[in-house]
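# Report on the structure
Listed below, chain by chain, are the residues.
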Amino acid sequence: MLNIERTDREDITVLALEGNLDVLNAPNLKREAEQVVADGRLRVVLDLSRLELVDSSGVGSIVSLFKQVRTRNGDLKIAGLTQQPLTIFKLLRLDKAFDLAPSTQDAASRFEK
């Protein structure tokens, strides 16, 4: 199961994920991402501090969100990676491709003013 909580703060949108981001739930994140972009929200923090598991489909949905916002001159920051998701990011070397922050506040502060 995956819970996605969206919070819009000024010009930054935080998507907090809780549970498992896998083949069954990745389409939910893709739909939410499409809505965020359609709403013109192009500074996105993905809070993964409560994410327990991510598989290849989940990684694909994160990369898809990244591409959508970057194509429109936006940016994506990832906050709070721990345990299995962090291991997957390191294994796939995504820790080099994404801006990883320890917290959502730290991630939000990394956007250019």
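This one's a predicted model, so the numbers in the text were calculated from it and none came from an experiment. (Residues numbered from 1 in each chain as written. Predicted model: local features only at pLDDT ≥ 70, side-chain atom pairs only at ≥ 80, totals over all residues. Heavy atoms only, no water.)

Turning to the environment of Leu81, a few remarks are in order. Along the chain, Leu81 turns up in the loop between β4 (75-79) and α3 (83-91). Accessibility expressed as a relative area gives 13% for Leu81, which makes it buried. Through-space distance from the C-alpha of Leu81 to that of Leu100 is 7.7 Å; in sequence the pair is 19 residues apart. Sequence-distant contacts of Leu81, that is, excluding residues within four places in its chain, are made with Leu48, Leu86, Phe89 and Leu100. (Helix = DSSP H or I, 4+ residues; strand = E, 2+ residues; numbered from the N terminus. Buried < 20%, exposed > 50% of the residue type's maximum accessible area, 1.4 Å probe, protein only. Contact = heavy atoms within 4.5 Å.)

With 16 residues, helix α2 (residues 56-71) extends 22 Å from end C-alpha to end C-alpha; this agrees with the ideal 22 Å at 1.5 Å per step. For α2, every residue scored as buried is listed here: Gly58, Val59, Ser61, Ile62, Leu65, Phe66, Gln68 and Val69. One or two residues past the end of α2 sits Asn73, with phi positive at roughly 65 degrees. (Expected span 1.5 Å × (residues − 1).)

What follows deals with the sheet that holds strand β5 (residues 99-101). Pairing within the open sheet is mixed, and its five strands lie in the order β1-β2-β3-β4-β5. Edge positions in the sheet fall to β1 (2-9) and β5, since each of these pairs with one other strand and no more. Mean inter-strand twist for the sheet, computed between neighbouring axes without regard to direction, equals 25 degrees. Pairing geometry for strand β2 (residues 12-21) and strand β3 (residues 43-54), over eight bridges, is parallel. Pairing of Gly19 across the sheet is with Leu51, part of β3. Where helix α1 (residues 26-38) meets the sheet, its contacts fall on β1, β2 and β3, and the angle it forms with β2 comes to roughly 175 degrees. Where α3 meets the sheet, its contacts fall on β3, β4 and β5, and the angle it forms with β3 comes to roughly 110 degrees. (Pairing = 2+ DSSP bridges. Axes fitted to C-alpha atoms, helices over the stretch in contact; angles between N-to-C directions.)

With that out of the way, let us pick up α1. Helix length check: α1 (13 residues) gives 18 Å between terminal C-alpha atoms against 18 Å at 1.5 Å per residue, within 8%. For α1, every residue scored as buried is listed here: Ala26, Leu29, Ala33, Val36 and Val37. The buried residues of α1 occupy one face: seen down the axis, they fall within an arc of 90 degrees. Of the exposed residues in α1, those oriented more than 90 degrees away from the buried face are Arg31 and Ala38. Buried-residue contacts for α1 involve β1, β2, β3 and α2. One or two steps after α1, the chain reaches Gly40, where phi turns positive at roughly 80 degrees. (Arc of directions from axis to C-beta.)

Looking now at the packing of α1 against α2. Geometry of a packed helix pair, given as the angle between the helix axes and the separation of the axes. As a packed pair, α1 and α2 sit with axes 9 Å apart at the nearest point and diverge in direction by 10 degrees. Taken together, the axis directions place α1 and α2 in an arrangement best described as roughly parallel. Note on element contacts: α2 touches α1 through Ser57, Gly58, Ser61, Ile62, Ser64, Leu65, Gln68 and Val69, opposite Ala26, Leu29, Lys30, Ala33, Glu34 and Val37. Within the contact of α1 with α2, the residues separate by chemical class into seven nonpolar, five polar and two charged. (Parallel < 35°, antiparallel > 145°, perpendicular 65-115°, else oblique. Nonpolar A, V, L, I, M, F, W, Y, C, P; charged D, E, K, R; others polar.)

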